[in-house]
Amino acid sequence: MKFLAIIYNDESIYADATQEQIAASFEAHGAFAGAAGEAGVLLGGEGLEPTAAATTVRVRDGERMLTDGPYAETKEQLGGYYLLECKDLDEALTWAAQIPEAKFGAVEVRPVMDYDGYEG
Amino acid sequence: MLTRVLGDLDRAEEAVQDAFLVALERWPRDGLPDNPAAWIVTAARNRALDRIRSEKRWIGRRKALEAELRTVGEEAPEPDADEPVSPIVDDRLRLMFTVCHPALAPEARVGLTLRTLGGLSTAEVARAFLVAEPAMAQRISRAKRKIASSGIKYEIPRDADLPERLRSVLTTLYLIFNAGYGPPVRSEFTAEAIRLARLLVQLMPDEGEAVGLLALMLLQDSRRAARVDADGRLVLLRDQDRSLWDREQIAEGQRFVARGWQLGRLGVYLIQASIAVEHARGSDWTRIVWLYDQLWAVSPTPVVALNRAVAIAERDGPEAGLDAMDAIGDLDGYHLFHAARADLLRRLDRLGEAQAAYGAALGLCDSEVEREFLSRRIAELGS
């Protein structure tokens, strides 16, 4: 069976972290991924940009509506995900709007973290 | 160009500002360079390199950026001397689409547009939108962070995305205009919105809705001096002193409306501008009702229905207008709905109902100037 392990944390912990704390977090994730990889259970995983980079997409009456920010209601539950490779946000939003649930639920679009800028 | 290369709004903004400062210092002393625009771009690029060098945190990115900037410097052909301003104008269009991206909250778009493309301070922007300065500053910096991290590119959108992206730019400009339209009037905002719309029309001359919005703002702004009396009180269109209207602005607005119609597609701004032209010509209500029908066809909102009902009242009498108004529904929470109903009831001599409707309007209205107007009407009914 495949399982999705979804990570929840207070974003401010990372926003306020020092370089050392971030390095420690990288190391901890490295250790986890190493162990899970060795055990053969790891299929993939990504860090996400903070919710400040999120856009929520809904399609109602055929019209696409964008909201700045993450999905922030409680009446719907997380039901699935797609990982998309797009040139920019516009392209990602175009695809997100075509996900069937966009018509009656919502699709939150968030960039996967790009670690190229970090040292180490 | 610069924003595209740097991929970081703050840096590009600062670099261009720095370059202008250097230019202001140097040009009066050394004389104007042959190609001032190209000079600014080069100077800004050098400034950006300086700034990037001084940043310590994003070392990997710095190297990539430096490499990118060097290549651009080598590859970029000398700007065409015939079109000395094209790189910067082009940059501003890109910037406009970026800071007005529909994935940003509307109020953030407004703040960011005024800060990056206009010359207004955060304090001025905050005042016009009735928020504290730190709150506005935070809104702007959050929007910048989102642009930097969410995959919004400093590019003119692809054709497929253009209609929605352009709509978002136009909405933002109109929000800026309305923040200044008042009352109270803040002409620095209306002027800024008109200036940016002019720039947009200049850069995208075939976009009918951009032309329509510019025309609409010019025509609305032409009535500025007549909309508020000497005591700062609101004057309805019907009661305005038409000699105070700015004829030149009206003529310009009309020219843009004509151009919009030539472009063929009837959008919400062009239709509203056309209605404003009718008012400037002396309010032919048959044509105005027809234009509201067209507006309803592209934008069937309760507020459009209300305006249409007001036009019907002028064409067919207050009774017909009231019937049209009462058929709308949905507008019980909108003070202008009650104010418009009250006006028709007053004209029908149903004074008790009129008074109640003015009262309902007053209870829902949060504009000082409009409240004063409504109170005045209630007092007149009582006398």
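Residues numbered from 1 in each chain as written. Chains lettered and ligands numbered in written order. Predicted model: local features only at pLDDT ≥ 70, side-chain atom pairs only at ≥ 80, totals over all residues. Heavy atoms only, no water.

An unreviewed UniProt entry annotates chain A as YciI family protein of Solirubrobacter deserti. You can read under Sequence similarities (unreviewed entry) in the UniProt record for chain A the words "Belongs to the YciI family." (UniProt positions renumbered as here; feature names shortened; annotations may be inferred.)

Remarks on the overall build of chain B
Scanning chain B from terminus to terminus reveals 20 helices and zero strands. For chain B, buried positions account for 49% of its 383 residues. Within the structure as shown, chain B displays about 18,500 Å² of accessible surface, and the carbon and sulfur contribution to it stands at 51%. (Helix = DSSP H or I, 4+ residues; strand = E, 2+ residues; numbered from the N terminus. Buried < 20%, exposed > 50% of the residue type's maximum accessible area, 1.4 Å probe, protein only. Areas by Shrake-Rupley, 256 points an atom, 1.4 Å probe, with all protein chains shown as cover.)

Here we look at the side chain of B:Ser283
Residue and element names in this part refer to chain B. Inspection of the secondary structure assignment puts Ser 283 in the loop between α14 (268-281) and α15 (285-298). Only 3.0 Å separates the side chain of Ser 283 from the side chain of His 279, close enough to count as a polar contact. Excluding residues that lie within four positions of it along the chain, Ser 283 makes contacts with Arg 242, Glu 278 and Ile 288. (Polar contact = N/O pair within 3.5 Å; in protein donor to acceptor, adjacent residues only side chain to side chain. Contact = heavy atoms within 4.5 Å.)

Overview of the sheet that holds strand β3 (residues 107-109) of chain A
Residue and element names in this part refer to chain A. Taken together, the three strands give an open sheet; going across it, the order is β2-β1-β3, and neighbouring strands pair in antiparallel fashion. Both edges of this open sheet fall to β2 (63-68) and β3, since each of them pairs with a single strand only. Between one strand and the next, the sheet's axes are offset by a mean angle of 30°, whatever the strand orientation. Of the pairings in the sheet, the one linking strand β1 (residues 55-60) to β2 comprises six bridges and is antiparallel in character. Paired with Val 57 across the two strands is Leu 66, which belongs to β2. Helix α3 (residues 89-96) contacts β1, β2 and β3 of the sheet and is inclined by roughly 165° relative to β3. (Pairing = 2+ DSSP bridges. Axes fitted to C-alpha atoms, helices over the stretch in contact; angles between N-to-C directions.)

Here's the deal with the interface of chain B and chain A
Where the parts come together, the accessible area they lose is often given as the size of the interface. Contact with chain B, which involves 20 residues of that partner, is made by 21 residues of chain A. In total, chain B and chain A occlude about 1,700 Å² of area from one another, counting both sides; carbon and sulfur atoms represent 45% of this. Counting the contacts that link chain B with chain A gives four salt bridges. Our count for the chain B to chain A interface comes out at 10 residue pairs in polar contact (both at pLDDT 80 or more). Split into classes, the residues belonging to the side of chain B that touches chain A amount to eight nonpolar, five polar and seven charged. (Buried area = accessible area lost by both parts, 1.4 Å probe. Salt bridge = Lys/Arg side-chain N within 4 Å of Asp/Glu carboxyl O. Nonpolar A, V, L, I, M, F, W, Y, C, P; charged D, E, K, R; others polar.)

Looking at a nonpolar patch on the surface
There is a patch of nonpolar side chains on the surface, built from A:Leu4, A:Ile6, A:Tyr8, A:Leu48, A:Leu78, A:Tyr81, A:Leu83 and A:Val112 and spanning about 900 Å² of accessible area. As for its position among the elements, A:Tyr81 is in the loop between β2 and α3. (Patch = residues over 30% accessible without salt bridge, like charges linked within 9 Å, V, L, I, M, F, W, Y side chains within 5 Å.)

Description of the pattern of salt bridges
Scanning all chains against the criterion turns up 26 salt bridges over all chains. A:Lys87 is the partner of A:Glu91 in a salt bridge, and the nearest nitrogen-oxygen pair spans 3.9 Å. Given the relative accessible area of 56%, A:Lys87 is considered exposed. Here B:Arg347 and B:Glu314 are joined by a salt bridge, their closest N and O atoms 3.3 Å apart.

Concerning the nonpolar core
Formed by 74 residues in total, the largest nonpolar core has its most connected members in A:Val109, B:Leu173, B:Leu200 and B:Met217. If sequence neighbours within four positions are ignored, B:Leu200 has contacts with B:Leu93, B:Met96, B:Leu166, B:Val169, B:Leu170, B:Leu173 and B:Ala210. Membership of the second largest hydrophobic core comes to 26 residues, among which are B:Leu306, B:Met325, B:Ala340 and B:Leu344. (Core = buried A, V, L, I, M, F, W, Y, C linked by side-chain atoms within 4.5 Å.)

Observations regarding the pairing of β1(A)
Residues and elements named next belong to chain A. Counting buried positions over the six residues of β1 gives five, a clear majority of the element. Counting the residues that bridge the hairpin from β1 to β2 gives two residues, and of these Asp 61 lies at a positive phi of roughly 50°. Judged from the three bridges that link them, β1 and β3 form a sheet pairing that is antiparallel. The partner of Thr 56 across the bridge, within β3, is Glu 108.

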